[in-house]
Amino acid sequence: ARGMLLAAFAVFFSVRLWQRCVNNFAWDYAINWIAAQGMRSGLSLYNESGLRQLGLALIGPQASALFTGPFGSYIGLPSTAFLLLPFTFGSFSASLLAYRVLSLAAFAASVFVAGDALPAADRRTAWLWGGLALLTIDPVVTSIQLGQLDGWIALALAVALWAARRDRWYLVGIAAGLAALLKISPGILIGYCVMRRKWKAAVAAAGFAVLMLGLATTVGLSSDLWVFSRKILPSLAIGTLHMQNQSLTAWLARIFLPDTDLLNYSAGLGVFRFVSAALTIILVVATWSVSRRQAMVSLELGTMTLAALLIGPLTWDHYFAWAVVPLTQLADSRLWSRQSSRQRSEIL
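Residues numbered from 1 in each chain as written. Predicted model: local features only at pLDDT ≥ 70, side-chain atom pairs only at ≥ 80, totals over all residues. Heavy atoms only, no water.

1. Details of the overall build of the protein
- In terms of helices and strands, the protein carries 18 helices and zero strands.
- Its C-alpha radius of gyration of 20 Å places the protein within 12% of the 20 Å reference for a compact globule of 348 residues.
- Across its three principal axes, the protein shows a C-alpha extent of roughly 60 × 45 × 45 Å.
- When each of the 348 residues of the protein is scored for burial, the buried share is 50%.
- At a minimum sequence separation of 6, the contacts of the protein that also span at least 24 residues come to 74%.
- Of the side chains in the protein, 26 bear a positive and 14 a negative charge, and the two mean positions are spaced by 8 Å. (Helix = DSSP H or I, 4+ residues; strand = E, 2+ residues; numbered from the N terminus. Rg over C-alpha atoms; globule rule 2.2 N^0.38 Å. Buried < 20%, exposed > 50% of the residue type's maximum accessible area, 1.4 Å probe, protein only. Contact = heavy atoms within 4.5 Å. Lys, Arg positive; Asp, Glu negative; His and termini not counted. Charge placed at Lys NZ, Arg CZ, Asp CG, Glu CD.)

Dropping the structure here:
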């Protein structure tokens, strides 16, 4: 019965993914791919006009809509473009197909690794829950169609959970460091490891980040990291009211701010960008206060993953594909068998 259920949803997933990929352009992959090509060509990753011209030459007229504003341009760290360099040695269409296939494999691997973190008796349930989530939630399809980075982030987060279960804290740090380099918000996991005095994880994360950024600035322009910190990062902190920003911070801002144009990417969160920092402190401290007297478990890192999605100031709708990873951890029967009904409700 489980196999038939998964097969039915696999067909459903395949049809949706095929339709999306055929009918929609991979805007996000195009931006990152052109930026990686620019890194090879000696262009700054944040030179919008130069990258637009490069995109027109490599992709065609569709690239004319790119690099026209902060959320239509490359806004990642230089390390992201560096990691995409292997995909720049073929045509755009061929590299996109390869990237989508590998992204799908990364999502599947994230469910397997996260499930493998649990006791043997609970793994099949975890894989079933994670598999059903992958095949049914829209953010996974959206991420693969756009050519986003979420599959790799989900896999990195799953490795962090797996390593935490086995007290391999250096590996936890490397995995969390990779996730934070790809999207900044998973860095909350590293901060939480510091609060829990997992110094090996913090040191490994810092060392991995320095290594990757150093390699990126060696291949690309050394000034790009400075441009990111001075120009890009402040613009990201402002956030956006756009409906695709699904963070709790953005939701509150859309309710209380007078701006009613919720399809405008340039409308920022105003004073609510400071709410993001307050929510971060509240969620992290609340989790720490509940867990500090016991050995650290992987579910804490899963909770931090959900916190990273909630706090914003930017959580695009496809980011919620990461939530598949902590979902698998709820299959741990030890969470439920030793608890009262009230405690089970709190955990859920």
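2. Comments concerning the environment of Y170
- When you line up the elements, Y170 lands in helix α9 (residues 169-182).
- Each C-alpha atom, one on Y170 and one on S276, is 29 Å from the other, the two residues being 106 residues apart in sequence.

3. Quick look at the environment of S222
- Tracing the sequence through the fold places S222 in the loop between α11 (199-219) and α12 (224-238).
- For S222, a relative accessible area of 62% gives the class exposed.
- Sequence separation of S222 and S44 is 178 residues, and the distance between their C-alpha atoms is 9.3 Å.

4. Let's talk about helix α13 (residues 248-256)
- Taken residue by residue, α13 has T249, A250, A253 and R254 as its buried positions. An end-on view of α13 places all buried positions within 135° of arc, on one side of the element.
- Residues of α13 that are buried make contact with α14 (273-291) and α15 (298-311). (Arc of directions from axis to C-beta.)

5. Some points on the pattern of salt bridges
- Scanning the entire structure with this criterion turns up seven salt bridges.
- One salt bridge in this structure joins R334 and D332, with 3.0 Å as the shortest N-O distance.
- When its relative accessible area of 4% is taken as the criterion, D332 is described as buried.
- Where salt bridges share partners, they join R16, R20 and D138 into one cluster. (Salt bridge = Lys/Arg side-chain N within 4 Å of Asp/Glu carboxyl O.)

6. Some points on the packing of aromatic side chains
- Evaluated as defined, the whole model comprises 16 aromatic pairs.
- Look at F25 and W27: their rings are 4.6 Å apart centre to centre, the planes differ by 75°, and that puts the pair in the edge-to-face class.
- For F25, a relative accessible area of 14% puts it in the buried group.
- Seen from their ring centres, F256 and F272 are 6.2 Å apart, and the 10° between their planes marks the pair as stacked. Taken together, the positions of F256 in helix α13 and F272 in the loop between α13 and α14 put the pair 16 residues apart, joining distant regions of the chain.
- Judged by relative accessible area, F256 falls into the exposed class, the value being 56%. (Phe/Tyr/Trp six-rings, centres within 6.5 Å; stacked < 30°, edge-to-face > 60°.)

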